[in-house]
Amino acid sequence: MSDAISRICDEREIEALLIEYCCALDRMDLDTISKLFTDDCVVEFGPDKRLNSRGRSQVAKSLERMWRWVRTSHHLSNVKIRFIEEDHANSISYVIAWHERANETTATIYGQYHDELRRESNGWRIMKRVMYMNGCDTGFTVNIHPFERQSAPEGWVAPSID
Amino acid sequence: MSDAISRICDEREIEALLIEYCCALDRMDLDTISKLFTDDCVVEFGPDKRLNSRGRSQVAKSLERMWRWVRTSHHLSNVKIRFIEEDHANSISYVIAWHERANETTATIYGQYHDELRRESNGWRIMKRVMYMNGCDTGFTVNIHPFERQSAPEGWVAPSID
Amino acid sequence: MSDAISRICDEREIEALLIEYCCALDRMDLDTISKLFTDDCVVEFGPDKRLNSRGRSQVAKSLERMWRWVRTSHHLSNVKIRFIEEDHANSISYVIAWHERANETTATIYGQYHDELRRESNGWRIMKRVMYMNGCDTGFTVNIHPFERQSAPEGWVAPSID
């Protein structure tokens, strides 16, 4: 198989892995979730240590907190993959994560997953995940890492277009 | 063409088919919609029989109901494809479907399409589609099949993280 | 490299270009934005001439207006690419663009980018972009080109399904 094709296949496998995380989380299929990570993985949703975990079992255990929502929907997009070595890659992907509480109020996040991935004997796995948040609606109150954008230059004045 | 490449091409054609459904629906181009399905297709949006149809013409006819919205926007993501045979596949994909009424109220669904696909002489077609809903906002009242997730184990207590 | 593979690689590069626009905009990395367009590009967000620009520097300059939001999130999907010649293509893609003001009010667009792309010596670039809007929430007031869908046939009566 040519280098170009095997690279495309790797990218597709990594994208499938990132998608499966979203789908498995919406099914609350935590057994599957645990299999998407390496045994020594590090996952960090925010500065609060209760939002961080190490190792695939603890990651899955930690995500039991998602049961405090009655329904969720995680929509992945904007997947960018960069290979460091043949079996080692970084990726950034975007997610729209919708959550509903038992009282029917909702919370939506517009987030980013910044991942480090490693090929193991049975396929690509997430070895490090840090989540950032571009933003969220007022219903969401968990302290996810804010994604920082560049600031306006000093003296910038907003144009009147709306 | 190698097996790996032809498999990638098939996946891309199937993804393009699923995307075209979304785009054609937002254009209300029902002629195009009818061409995306097999002649013997079965489409089921919910338990109400008025939401179900058989055959490409009836599917397109049935979707005339979308004119009760003045604007819609269907955003596909999370496409997973599994081949059963060379010319036969299953797929699951996610959609954010936004709808606006003439009175400017809106309704948004966070849904899943569970599809069965068949390669015909002029390309891949949808032969069975069942729609499920992870959730929706309060503006949406049509009875789409609910997507069921696994329940919390007995005795599970919500952590205090927000 | 076979024609099929080089076509797939081209499509992946174009999709990466469209994704990078979204990500760079959310970072307000306008240097990167300017590099995604051709030197003679034409970009048109709406009928108001203040929403239009020519040339990569002016496009980046014009997007300084995005600093009137404190946070944004652009989620790309539904990418369709059609090649006109080997080095020239059209694409349509969808975007959910979420914006937040300093006062915490938000504005969300459900839009489409209609692009013309050209391969230059260092890769694919956007040579023409016209943005259309399927819809938006009430928080968004900029006059983006409306995307027009086909109208209901005369005498069409809405079914009672919700």
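For the structure itself, look to the data block above.
Below is a summary of the structure that appears in this document. (Residues numbered from 1 in each chain as written. Chains lettered and ligands numbered in written order. Predicted model: local features only at pLDDT ≥ 70, side-chain atom pairs only at ≥ 80, totals over all residues. Heavy atoms only, no water.)

### Brief notes about the overall build of chain A
Within chain A, the secondary structure is distributed over 3 helices and 7 strands. Secondary structure of chain A in N-to-C order comes out as α-α-β-β-α-β-β-β-β-β. Each principal axis of the C-alpha distribution contributes one length, and for chain A these read about 55 × 40 × 25 Å. Looking at chain A alone, contacts between residues at least 24 apart form 50% of all its contacts between residues at least 6 apart. Surface exposure of chain A reaches about 7100 Å², of which carbon and sulfur atoms provide 47%. (Helix = DSSP H or I, 4+ residues; strand = E, 2+ residues; numbered from the N terminus. Contact = heavy atoms within 4.5 Å. Areas by Shrake-Rupley, 256 points an atom, 1.4 Å probe, with all protein chains shown as cover.)

### What about helix 1 (residues 3-27) of chain A?
With 25 residues, helix 1 of chain A extends 36 Å from end C-alpha to end C-alpha; this agrees with the ideal 36 Å at 1.5 Å per step. Remark: M28 of chain A follows helix 1 of chain A within two positions and exhibits a positive phi of approximately 55°. (Expected span 1.5 Å × (residues − 1).)

### Description of the pairing of strand 4 (residues 88-100) of chain A
All names here are of chain A. Burial analysis of strand 4 places 11 of its 13 residues in the buried class, the great majority of the element. Bridge analysis of strand 3 (residues 71-85) against strand 4 gives 12 bridges, and the strand direction is antiparallel. Within the sheet, the bridge partner assigned to K80 lies in strand 4 and is I92. Here strand 3 folds back onto strand 4 in antiparallel fashion, the turn holding 2 residues. Of the strand pairs in this sheet, strand 4 and strand 5 (residues 106-120) are connected by 13 bridges, and their pairing is antiparallel. Bridge assignment links N90 to a residue of strand 5, and that residue is E116. Turn length for the strand 4-strand 5 hairpin, with the two strands adjacent in sequence and antiparallel, is 5 residues, and the turn residue E104 shows positive phi of about 75°. (Buried < 20%, exposed > 50% of the residue type's maximum accessible area, 1.4 Å probe, protein only. Pairing = 2+ DSSP bridges.)

### Re the interface of chain B and chain C
Facing 33 residues of chain B, the contacting portion of chain C comprises 31 residues. Together chain B and chain C conceal approximately 2900 Å² of surface at their shared face, both sides included; 57% is due to carbon and sulfur atoms. Contact with chain C buries area across many residues of chain B, yet R12, W67 and H75 of chain B alone supply 22% of it, more than any other trio. The interface formed by chain B and chain C includes 2 salt bridges. Put simply, E20 of chain B and K80 of chain C hold a salt bridge, and the shortest N to O gap is 2.7 Å. The interface formed by chain B and chain C includes 13 residue pairs in polar contact (both at pLDDT 80 or more). Of all the elements in the fold, those that place two or more residues in the side of chain B that touches chain C are helix 1 (3-27), strand 3 (71-85) and strand 4 (88-100) of chain B. Looking at the side of chain B that touches chain C element by element, the count peaks at 10 residues for helix 1 of chain B. Classifying every residue of the side of chain B that touches chain C gives 17 nonpolar, 5 polar and 11 charged. (Buried area = accessible area lost by both parts, 1.4 Å probe. Salt bridge = Lys/Arg side-chain N within 4 Å of Asp/Glu carboxyl O. Polar contact = N/O pair within 3.5 Å; in protein donor to acceptor, adjacent residues only side chain to side chain. Nonpolar A, V, L, I, M, F, W, Y, C, P; charged D, E, K, R; others polar.)

### Section: the relation of the copies chain B and chain C
A rotation about some axis, followed by a shift along it, carries one copy of the chain onto the other. When chain B is fitted to chain C, the residual RMSD is 0.0 Å, and the transformation amounts to a turn of 120° plus an axial shift of 0.0 Å. Both copies of the chain, as the preceding transformation shows, are related through a three-fold rotation axis. If distances are taken from each C-alpha of chain B to the rotation axis, the shortest is found for S77 of chain B, at 3.8 Å. The share of interface residues of chain B whose copies in chain C are also at the interface is only 12%, consistent with the copies meeting through different surfaces. (Least-squares fit on C-alpha atoms with pLDDT ≥ 70 in both.)

### What about the pattern of salt bridges?
All names here are of chain C. Enumeration over the complete set of coordinates arrives at 39 salt bridges over all chains. Among the salt bridges present, the one from D10 reaches R119, with a minimum N-O distance of 2.9 Å. In this pair, D10 is assigned in helix 1 (residues 3-27) and R119 in strand 5 (residues 106-120), connecting sequence segments 109 residues apart. Of the residues examined, D10 reaches a relative accessible area of 9% and is grouped as buried.

### Notes on the relation of the copies chain A and chain B
Note on the identical chains: chain A maps onto chain B by a rotation of 120° and an axial translation of 0.0 Å, with an RMSD of 0.0 Å. Interface residue correspondence from chain A to chain B reaches only 12%, placing this contact among heterologous pairings that use different surfaces.

### A word on the packing of aromatic side chains
Scanning the entire structure with this criterion turns up 21 aromatic pairs over all chains. Seen from their ring centres, Y110 of chain A and W98 of chain C are 4.9 Å apart, and the 20° between their planes marks the pair as stacked. Remark: W98 of chain C occurs in strand 4 (residues 88-100) and Y110 of chain A occurs in strand 5; the pair is interchain, linking two chains. Taken as a pair, Y110 of chain A and W98 of chain C share a single burial class, namely buried. Taken together through their ring pairs, the aromatic side chains of Y21, F37 and Y113 of chain A make up a single cluster. Taking NZ or CZ as reference, R65 of chain B lies 4.8 Å from the ring centre of F45 of chain B, over its face. (Phe/Tyr/Trp six-rings, centres within 6.5 Å; stacked < 30°, edge-to-face > 60°. Lys NZ or Arg CZ within 6 Å of the ring centre and 35° of its normal.)

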